[in-house]
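Chain by chain, the residues:
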Amino acid sequence: MLTKDFYSIIDVELDALIIKYKDDNFIKKHKSAINNQKSYALLIWFLDFYGRISNYSNFITDGDNDSSCDIVFDSLDNQGNKVFYIVQSKWNNVDNSEKETNKDEILKALNDFETILRGEKKSVNEKLKSKLEELDLHLKANGEVKFIFLSLSQYKGGADENIEAFRNNDVKTKFEVIDINRIRVDYIDRKYKKIDPINPLETYQNPEESSVTLEIVQKGGSIKIEKPYEAYMFLLRPKAIWELFKTYNFSLFFKNVRNPLLQSQFNQEIEKTAIEESNLFWYYNNGITAITYLLPEIGKKAEKITVTGLQIINGAQTVYAIYRAYESASPTQRLKMDSEVLVTLRLLKSGGKSFDLNVTRYTNRQNPIQDRDFYANDEIQVSLQNASYQTNVWYEKRRGEFRETPKGVRTMPNLVFANVYLAYHLQDPVSVLKNHTQRFKTDKDLNFISHKDHKDGLYEKIFNSNTSFEDMLCAFYVFDVIFKPLQREFSYSFKTNLYHLLALFKVAFTKYLTAKYGDKINVNRQIVKIYEQGEKEVIIKTFKFLNQFVEKQIEVADNEKKTTERMFKFLFTLSHYQKIYDALEDTEISVKDIDDIVLKDNDDIIEGDKDTEVKSEQE
């Protein structure tokens with residue numbers, strides 16, 4: 001989703017809010033000042049989207065002097081401590097949505113915030129004056145305050161030093177910039193993935209860095225496993241699970257391959273069972289599996305335990321469904337649930353990253369999980385997906401995570417991106433083909449297995465600090481032009497020589513573009529431009545040139561058997577592929593060599609794919 005397209009979505013929602021609240025005093029007062037109205041509407045939208053707060057009038061203070069508005073309010077965090085939130089919004093037009101946030105705007109906000117901290121803000125309305133007096137008392141009592149600058153432009157860190165100077169190493173003063181890129185990620189999470197984004201208006205603890213207290217049920221003592229890794233198994237009541245999620249929220253599931261969905265038939269069934277058939281819940285439910293860095297000793301009469309570094313690696317749906325059921329239950333229903341519902345918790349001591357990953361893999365084995373799913377929460381996977389949101393091809397890091405997609409946007413599995421990137425950018429089509437061949441024998445995708453777990457694992461080779469979504473998107477666009485999708489959308493048959501030609505394309509097309517535009521041309525960006533403008537004929541011509549080039553290299557005159565043998569060596573032996581690569585590198589390619597190629601009406605995919613078409617690779 002391009003930035004301007006997303007901006008339009010939000011802007012339409014802001015216009016709807018202005019119409020909805022047309023009788024609001026502030027909106028009527030600034031009827032001719034669109035900047036003020038839009039900044040005000042942005043705060044209403046912000047409160048509703050993140051905080052689920054509809055009674056906005058109790059929170060927003062007027063911003064009469066410029067196009068910014070403020071929110072000043074307090075809320076209890078998950079530990080029961082009061083936190084003050086001060087939010088300033090700055091609306092900007094669509095052209096500025098693709099530009100970096102104006103540093104002067106943040107400096108002005110910092111100056112306003114500094115004035116608020118000093119209690120020196122003058123000429124304010126009574127509502128704001130009252131809240132600032134409360135804030136002053138709160139700060140004197142060593143309370144925490146969080147400042148948020150809200151903007152529909154792109155913040156790239158230009159004011160980080162000023163923000164740090166403003167905070168002045170005060171652990172009780174937080175500052176966060178919520179820009180259009182952050183809003184887009186959170187909007188996609190909620191609307192298209194159906195999961196709740198992290199709420200900047202709430203404070204959550206990180207269970208991986210905290211000591212977590214659990215109230216457990218002892219029925220003659222818990223079960224303890226001693227070797228090879230320590231583990232306990234015991235029971236929890238709904239209240240304990242509700243308190244756990246209320247405190248730590250979705251950060252409980254960071255290592256889980258499936259974060260819970262907001263709307264799920266499976267979740268609804270769990271909720272229904274917990275309320276309506278609470279005495280049968282334990283029989284119907286598989287329970288929860290969690291890991292912890294420090295496993296405590298648990299006495300036979302213990303009712304509370306403390307664990308450090310807790311992560312739920314299986315049972316996220318159960319936790320979230322019980323939380324929702326308990327949250328919405330009446331006091332009487334809660335009493336009934338706590339007296340009848342029992343949930344099994346398997347608590348394992350972490351055995352290191354490899355052990356933890358394998359436990360996650362095998363505890364989720366009863367569900368259809370692929371190797372790539374276990375890396376879905378890796379930082380690099382999240383980064384690639386977030387970068388893809390600025391395009392119309394979204395990077396799917398976990399199967400089925402997008403429940404919907406907006407018009408004009410398509411999702412593509414990271415396994416497709418991994419293959420094209422490995423072949424095109426890393427110039428290793430042989431590994432692509434070998435991995436594909438062994439996948440049908442072992443059901444292992446080496447692209448998503450570490451070399452630490454398998455000698456041929458490719459994960460770190462493909463996904464590292466040098467991996468960029470722009471490179472992946474460029475490779476995919478080339479792949480997409482010359483590859484004919486199957487009838488089922490986003491499923492691809494696996495053409496054996498396609499990835500080799502994709503790799504060679506980079507060499508040939510770089511020579512062509514350099515000859516045409518000079519050596520300063522950015523090849524990747526030119527390919528993206530060609531694809532997105534629909535001028536794909538030159539890509540097809542280049543592939544036709546390559547197809548003919550490779551055929552000449554491997555063909556042995558009047559010897560079909562020898563030709564076939566050389567084809568298989570080209571496909572499966574890196575040194576033989578390298579020979580043709582070197583031959584292409586040594587070949588001078590002019591603009592006319594590509595432009596003068598004549599295409600037939602049916603030249604929508606490459607020719608010469610009549611060798612062997614391996615079994616279709618389905619999702």
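Peer 1: Before we go on, may I ask you to explain the overall build of the protein chain in this structure?
Peer 2: Within the protein chain, the regular secondary structure consists of 24 helices and 16 strands. Looking at the protein chain residue by residue over its 619 residues, the buried ones come to 53%. For the protein chain, long-range pairs separated by at least 24 residues make up 74% of all intrachain contacts whose partners lie at least 6 apart in sequence. Per element, the accessible surface of the protein chain, about 30,100 Å² overall, is 47% carbon and sulfur.

Peer 1: Looking at this structure, how should I read the nonpolar core?
Peer 2: Most often, soluble globular proteins keep nonpolar side chains buried together rather than apart. Counting 73 residues, the largest nonpolar core has Phe-463 and Leu-504 as the members making the most contacts within it. The leading source of residues in this core is helix α19 (residues 498-517), at 12 residues. Residues contacting Leu-504, with those up to four places away along its chain left out, are Leu-546, Val-550, Phe-570, Tyr-577, Ile-580, Tyr-581 and Leu-584. Judged by nonpolar contacts, the second largest core, of 45 residues, contains Leu-43, Leu-47, Tyr-56 and Val-83.

Peer 1: Mind showing me how you'd approach unusual backbone geometry here?
Peer 2: Positive phi is not limited to glycine here, since Asn-142 has a value of about 65 degrees. Within the secondary structure, Asn-142 is located in the loop between α5 (126-140) and β4 (144-151). Positive phi, normally seen in glycine, also occurs at Asn-169, with a value near 60 degrees. With respect to the helices, strands and loops of the structure, Asn-169 is situated in the loop between α6 (160-167) and β5 (173-178). Residue classification places Asn-169 among the exposed residues on the basis of a relative accessible area of 69%.

Peer 1: Help me understand the pattern of salt bridges in this model?
Peer 2: Oppositely charged side chains can pair when the atoms bearing their charge come close. Taken as a whole and assessed by the stated rule, the structure comprises 23 salt bridges. Lys-4 is paired through a salt bridge with Glu-98; the nearest N and O atoms lie 3.8 Å apart. Remark: Glu-98 occurs in the loop between β3 (82-90) and α4 (103-118) and Lys-4 occurs in helix α1 (residues 3-20); sequence separation between them is 94 residues. Relative accessible area serves as the criterion here: at 42%, Glu-98 is assigned to the partly exposed category. Among the salt bridges present, the one from Arg-167 reaches Glu-164, with a minimum N-O distance of 3.5 Å. Taken as a pair, Arg-167 and Glu-164 lie in helix α6 at a separation of 3 residues, close to a single helical turn. Through salt bridges that share partners, Lys-146, Glu-176, Arg-182 and Asp-186 make up one connected network.

Peer 1: Hey, could you run me through the environment of Arg-346 in this one?
Peer 2: Of note, Arg-346 is situated in strand β12 (residues 343-349). By relative accessible area, Arg-346 is classed as partly exposed at 35%. Separated by 111 residues in sequence, Arg-346 and Leu-235 place their C-alpha atoms 8.8 Å apart. A polar side-chain atom of Arg-346 sits 3.0 Å from a polar atom in the side chain of Thr-289.

Peer 1: Looking at this structure, I do not really get the side chain of Thr-292. What am I missing?
Peer 2: With respect to the helices and strands, Thr-292 occurs in strand β9 (residues 288-292). Among the polar contacts made by the side chain of Thr-292, one reaches the main-chain carbonyl oxygen of Leu-294 at a distance of 3.2 Å. Apart from the residues lying within four places of it in its own chain, the contact partners of Thr-292 are Val-307, Thr-308, Gly-309, Leu-347, Leu-348, Lys-349 and Ser-350.

Peer 1: How should I be thinking about the packing of aromatic side chains in this particular structure?
Peer 2: The full count for this structure, using the stated rule, is 37 aromatic pairs. Through successive ring pairs, a cluster of aromatic residues spans Tyr-395, Phe-417, Phe-469, Phe-476, Tyr-477, Phe-479, Tyr-499 and Tyr-531. Just above the ring of Phe-49 sits the side chain of Arg-190; from NZ or CZ to the centre is 4.5 Å. Taking NZ or CZ as reference, Arg-334 lies 4.8 Å from the ring centre of Trp-242, over its face.

Peer 1: Please explain the confidence of the model for the protein chain as it appears in this structure.
Peer 2: When pLDDT is low, close inspection of the predicted coordinates is not appropriate. Put simply, the protein chain has an average pLDDT of 82, and 85% of its residues get 70 or more. Ranking the helices and strands of the protein chain by mean pLDDT puts helix α17 (residues 459-462) first, with 96, and strand β16 (residues 613-617) last, with 36. The model gives residues 63-68 a pLDDT under 50, and that stretch makes 18 contacts with residues more than four places away or in other chains. In the model, residues 604-619 has pLDDT below 50 throughout and makes 51 contacts with residues more than four positions away in sequence or in other chains.

Peer 1: Hey, could you run me through the pairing of β3 in this one?
Peer 2: Looking along a regular strand, one sees the side chains alternate between the two faces of the sheet. The buried count for β3 comes to 8 of 9 residues, which makes it a mostly enclosed element. Pairing of β3 with β4 involves 8 bridges; the strand directions are parallel. Looking across to β4, one finds that Lys-90 is bridged to Ser-151.

Peer 1: Sorry, what's going on with helix α14 (residues 379-388) here?
Peer 2: The periodicity of an α-helix, 3.6 residues per turn, causes residues three or four places apart in sequence to face the same way. Listed as buried for α14 are Ile-380, Gln-381, Leu-384, Gln-385 and Ser-388. On an axial view of α14, the arc spanned by its buried residues comes to 135 degrees, and they lie on one face. Summarising the contacts, the buried residues of α14 are in contact with α7 (180-193), β13 (393-396), α15 (414-424), α17 and α18 (469-481).

Peer 1: How should I be thinking about the packing of helix α16 (residues 429-442) against α19 in this particular structure?
Peer 2: The description of two packed helices rests on the angle between their axes and on the distance between the axes. Two elements in contact, α16 and α19, have axes separated by 8 Å at closest approach and are oriented at 160 degrees. It follows from the interaxial angle that α16 and α19 lie roughly antiparallel. Of the two elements, α16 crosses α19, and the hand of that crossing is right-handed. On α19, the residues that touch Pro-429, Val-430, Val-432 and Leu-433 of α16 are Tyr-499, His-500 and Ala-503. Grouping the constituent residues of the contact of α16 with α19 by class yields 6 nonpolar, 1 polar and no charged.

Peer 1: When you look at the environment of Ile-216 in this model, what are you seeing that I'm missing?
Peer 2: Here Ile-216 shows up in strand β6 (residues 211-217). Those residues in contact with Ile-216, other than ones at most four positions away along the chain, are Phe-234, Leu-235, Leu-236, Ile-298, Ala-302, Glu-303 and Ile-305.

Peer 1: What is the right way to read the packing of helix α3 (residues 34-51) against α7 from this model?
Peer 2: Where α3 meets α7, the axes come as close as 12 Å, and the angle between the chain directions of the two elements is 45 degrees. As judged from the angle between their axes, α3 and α7 are oblique. Seen from above, α3 lies across α7 with left-handed handedness. Here Trp-45, Phe-49 and Tyr-50 of α3 lie close against α7, whose contacting residues are Arg-182, Ile-183, Asp-186, Tyr-187 and Arg-190. Here the residues of the contact of α3 with α7 sort into 5 nonpolar, no polar and 3 charged.

Peer 1: What am I meant to see in a nonpolar patch on the surface here?
Peer 2: On the surface, a cluster of nonpolar side chains totalling about 250 Å² of accessible area is made up of Ile-223, Ile-225 and Met-233. For Ile-225, a relative accessible area of 42% translates into the label partly exposed.

Calculation rules
Residues numbered from 1 in each chain as written. Predicted model: local features only at pLDDT ≥ 70, side-chain atom pairs only at ≥ 80, totals over all residues. Heavy atoms only, no water. Helix = DSSP H or I, 4+ residues; strand = E, 2+ residues; numbered from the N terminus. Buried < 20%, exposed > 50% of the residue type's maximum accessible area, 1.4 Å probe, protein only. Contact = heavy atoms within 4.5 Å. Areas by Shrake-Rupley, 256 points an atom, 1.4 Å probe, with all protein chains shown as cover. Core = buried A, V, L, I, M, F, W, Y, C linked by side-chain atoms within 4.5 Å. Salt bridge = Lys/Arg side-chain N within 4 Å of Asp/Glu carboxyl O. Polar contact = N/O pair within 3.5 Å; in protein donor to acceptor, adjacent residues only side chain to side chain. Phe/Tyr/Trp six-rings, centres within 6.5 Å; stacked < 30°, edge-to-face > 60°. Lys NZ or Arg CZ within 6 Å of the ring centre and 35° of its normal. pLDDT = per-residue confidence, 0-100. Pairing = 2+ DSSP bridges. Arc of directions from axis to C-beta. Axes fitted to C-alpha atoms, helices over the stretch in contact; angles between N-to-C directions. Parallel < 35°, antiparallel > 145°, perpendicular 65-115°, else oblique. Left-handed = near helix turned anticlockwise from the far one by under 90°. Nonpolar A, V, L, I, M, F, W, Y, C, P; charged D, E, K, R; others polar. Patch = residues over 30% accessible without salt bridge, like charges linked within 9 Å, V, L, I, M, F, W, Y side chains within 5 Å.

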